[in-house]
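Here is what each chain is made of, one letter per residue.
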Amino acid sequence: QVQLVESGGGLVQAGGSLRLSCAVSGRTRSTYAMGWFRQAPGKEREFVARDRWSGGYTYYADSVKGRFTISRDNIKNTVYLQMNSLKPEDTAVYYCAASKTQAAVVAAMYDYWGQGTQVTVSS
């Protein structure tokens, strides 16, 4: 069992930055995928970024590539999402997730989810 707890969301102006954190506990294999998703009101849950717990396997959605960065601190058991140059369309609830499949890029392939943290970007 893996437990995930997100934090770091908030209100920010367009062009600003936020860093989301995901505290990870339980049993996680080095081959697990660690991902970030987001869901805006009335829309489907959308893939944002992914890496392998052991690193070296990053992948980003086209909408955030070049602006967002996923990273890990394995000693602190924490996954981060650094979000720069934020746009109003980035407004959503952001979720941390873990998958037993290291190549996972869709929500249905993820096995564990955090509770979500709200990110609101004002114009």
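Residues numbered from 1 in each chain as written. Predicted model: local features only at pLDDT ≥ 70, side-chain atom pairs only at ≥ 80, totals over all residues. Heavy atoms only, no water.

### With respect to the overall build of the chain
Here is step 1 of the chain: Looking only at helices and strands, one finds zero helices and eleven strands in the chain.
Here is step 2 of the chain: When its helices and strands are written in sequence order, the chain yields β-β-β-β-β-β-β-β-β-β-β.
Here is step 3 of the chain: Seen along its three principal axes, the alpha-carbon backbone of the chain occupies a region of about 40 × 30 × 25 Å.
Here is step 4 of the chain: In the chain, which comprises 123 residues, the proportion classed as buried is 43%.
Here is step 5 of the chain: Long-range pairs, those at least 24 residues apart, make up 56% of the contacts in the chain with a sequence separation of at least 6.
Here is step 6 of the chain: Accessible area of the chain: about 6300 Å², with a carbon and sulfur share of 46%. (Helix = DSSP H or I, 4+ residues; strand = E, 2+ residues; numbered from the N terminus. Buried < 20%, exposed > 50% of the residue type's maximum accessible area, 1.4 Å probe, protein only. Contact = heavy atoms within 4.5 Å. Areas by Shrake-Rupley, 256 points an atom, 1.4 Å probe, with all protein chains shown as cover.)

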